[in-house]
Amino acid sequence: MTDMTDMTDMTDMTDRRTNTRGGATGVAIETSSLGRRYGRTWALRDCTLTLPLGKVAALVGPNGAGKTTLLHLIVGLQEPTVGSVSVFGAAPQREPQTVLARVGFVAQDHPLYKGFSVEDMLTLGRKLNARWEDTAGRAHLRRLGIPLDRKVGKLSGGQQAQVALALALAKRPDLLVLDEPVASLDPLARREFLRALGDAAATREVTVLLSSHIIGDLEQACGYIIILSASRVQLTGDIEAIRGEHRLLAGPRAEAEQVAATRDVIESAFEGTTTRLLVRLAGPVDAPAGWQVREPSLEEIVLAYLGRSELGDARATETALARPGLAEWRSREVAR
Amino acid sequence: MIWLTWRQHRGEALVIGTTLAALAILLIVTGREIYNSYTQLGVAACLANTSTLNPNCGTVINTFVDQFGFLHAAVPWLNLVPLLVAMLVGAPLVARELEGGTHRMVWTQGVTRLRWLAVKLALVIAGCLLAEGVMIAVLTWWGGPFTRLSGSFSTDAFDLEGTVPLAYMAFALAVAVASGTLLRRALPAMALTMALFMGVRLPVDTWIRPHYQAPITRNFDLVSGESLDRQDWVIDSGFIDSQGRSVDFTALINACDPNLLGEDKLTLIQCAQGHGFQGRVVYQPANRLATFQAIETALYMAMTAGLLGLTVFWVRRRVS
């Protein structure tokens, strides 16, 4: 397993494979027991994940799940409290130059200098980056009809997002990280943005990681998903494979317990006398007699895992009640 | 980075440059008049040779001071220049980025945030020091006649000559940048900058500076009077009785005849001297000026270095 070799590499801190493209394993991002605490609250905890090279990955989860924290740890804006994060084999905080040169980042609300013209922003990118591709960015913005001499503050939200994307792409990054890039955009601008992103990802060798709390739009742009909830990673993998591994079973309520007993049930719901189970398959589909089976949508899977994580947290809170201090600490975190 | 620093601060540079030019013109125009008057009234001649004092010298100096004293009295307000510049330029330097979230954009370009901070600080501080230096140069020329009258050691002159004004500027900027980084908001950072800058400068001026070196205390005959240099910095002066205790003027009157108060002052002084009273002056001699400038400069530069170190620490570790 590639995972195993990577784990051994992680423990060997002297092994820096910074110049190879993620090393022989083809890994863009790797985190190990990564956690970040603000004061006494954990924003991200025990996060272990691997993002292979070339994936266009969606990081989904509810607001406050720790998505922004994870992305900030990846681009080196924050330092881990515990654990480690490596981007192309380098630690973003310890080797910022190595990582920053290869990573394009669009922060939440795509911050730009509002008083700068679009042209000024492009100059900024050219002056601050060793690798810079001016013409593509300009052509892209011109195609979208964004005037280069206009002040950034005078552009619409969608146009500002496009300028921020153009800036990040002009770095010719090996990894593009976007924090809620479409959250503040109207549906049309959202579609245009994701199309531009998809085009860029298709024409370049770039790994993309974008966070979102809106699941609907992601399937068209992303092939990989990381589900983050309650500051922990719940599920990660190729969307197609994940959909293939899950089924929605619907059948009589009376048999529900018996059906669920032999299966990995992620979520169960009742509608009158009907039970709906979202199960994870261990092998080929084995539909119980009299039950309906269908492939769930990505949204259904995501919501099921998010629901399960809340349940998991509730259980944990119950067991921790015996220790008042810990229970209080945890409930505060759940509230967050 | 140089381009970005200029692009972000060119507006402020324009404001500071224009104000500086206006101030310089004002100083040059009034300065020429001061120098003309200084020569024409004969103040220079009076100061040149104190042993053969022109009996009119008192009047001459008074006339000169009456003519331009109001301008000279306005000059200490220029001590606020570093504070104002720091509030305008320094407080928003990091805080504005944090307020707008743009630090996440600019710190994830190809330049590390430490380099970003280093270049911005270096250029902004250098630019502000240049402006302050030009102002101080013009001001030192302008105040030349006054300096020859009362020296460079008095609080009015000391603060606006030599290297200390540059140290104040660097210190003010460091206070402002650190405040902005700590508070993450430009407006509260401006308020904190004002409080900290005044909170350091006023106590240092009043209580700490007089003790950089132990001041000299000298007792003198009341009748012959003290013979201090014009350039010496008198920190305190008063009277002592025959036991050497500090007393005020009423003690002299009470010891003699209270009725003498309205009479000839010389009679009173002779009487007081007869009772063993002496004058006492506490001062720093003029030849210590360079040392005092160096000590105060070093003091402010040390605080500047400390604050910039804190800023670097906060930007590296705490802010994201």
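Residues numbered from 1 in each chain as written. Chains lettered and ligands numbered in written order. Predicted model: local features only at pLDDT ≥ 70, side-chain atom pairs only at ≥ 80, totals over all residues.

### Considerations on the interface of chain B and chain A
How big an interface is tends to be expressed through the accessible area that disappears when the partners come together. The condition is simple: Throughout, a pair of residues is in contact if the C-beta atoms placed from their backbones lie within 7 Å. Strands are runs of DSSP state E lasting at least 2 residues, helices are runs of H or I lasting at least 4, and numbering of each runs from the N terminus. In this classification, the charged set is Asp, Glu, Lys and Arg, the nonpolar set is Ala, Val, Leu, Ile, Met, Phe, Trp, Tyr, Cys and Pro, and all remaining amino acids, among them Gly, are polar.
Taken residue by residue, the interface counts 17 residues in chain B and 24 residues in chain A. Looking at the side of chain B that touches chain A, the elements with two or more residues in it are helix 1 (2-41) and helix 5 (103-106) of chain B. Here the side of chain B that touches chain A is composed, by residue class, of six nonpolar, eight polar and three charged.

### Focus on the sheet that holds strand 12 (residues 274-280) of chain A
Residues and elements named next belong to chain A. Put simply, the rule is: In this scheme, strands are said to pair when DSSP sees at least two bridges between them. Only the stretch in contact is used when a helix axis is fitted, and all axes are lines through C-alpha atoms; the angle between N-to-C directions ranges over 0 to 180 degrees.
Ordered by their spatial adjacency, four strands build an open sheet running 11-12-10-13, and the pairing between neighbours is antiparallel. Because the sheet does not close on itself, it has two edges, and the strands there are strand 11 (264-271) and strand 13 (292-294). Each neighbouring strand pair of the sheet contributes to a mean axis angle of 20°, computed without reference to strand direction.

### Some details on helix 6 (residues 113-142) of chain B
Condition: Expected span of a helix, by definition, is 1.5 Å for each gap between consecutive residues, and there is one gap fewer than residues. Whether a residue is buried, exposed or partly exposed follows from its count of other C-beta atoms within 10 Å of its own C-beta, namely 20 or more, 12 or fewer, or something in between, respectively; the C-beta atoms are built from the backbone.
With 30 residues, helix 6 of chain B should reach 44 Å at 1.5 Å per residue; the first-to-last C-alpha distance of 43 Å fits that figure. Residues of helix 6 of chain B that are buried: B:Arg113, B:Trp116, B:Leu117, B:Lys120, B:Leu121, B:Val124, B:Cys128, B:Glu132, B:Met135, B:Ile136, B:Leu139 and B:Trp142.

### Overview of the pairing of strand 12 of chain A
Residues and elements named next belong to chain A. The sheet contact formed by strand 10 (residues 246-252) and strand 12 spans seven bridges and is antiparallel. Bridge assignment links Arg-247 to a residue of strand 12, and that residue is Val-279. In terms of strand pairing, strand 11 meets strand 12 through seven bridges, oriented antiparallel. Within strand 12, the residue paired with Phe-270 across the bridge is Thr-275. Hairpin connection of strand 11 to strand 12: two residues between the antiparallel strands, including Gly-272 at a positive phi of 65°.

### Here's the deal with the environment of A:Leu70
Residue and element names in this part refer to chain A. Turning to its location among the elements, Leu-70 is positioned in helix 2 (residues 67-75). The exposure class of Leu-70 is buried, given the 29 C-beta atoms found within 10 Å. C-alpha separation for the pair Leu-70 and Lys-171, spaced 101 residues apart in sequence, amounts to 22 Å. Not counting chain neighbours up to four residues away, the residues in contact with Leu-70 comprise Leu-44, Cys-47, Leu-59 and Leu-228.

### Overview of the domain arrangement of chain A
All names here are of chain A. Rule in force here: Domain delimitation in this document rests on an assignment produced automatically or drawn from a domain database.
Considered domain by domain, chain A is made up of domain 1 (2-229) and domain 2 (245-335). In this complex, domain 1 contributes nine residues to the contact, which on the side of domain 2 involves eight residues. Elements supplying a minimum of two residues to the side of domain 1 that touches domain 2: strand 2 (41-52) and strand 8 (224-229). A class-by-class count of the residues in the side of domain 1 that touches domain 2 yields five nonpolar, three polar and one charged.

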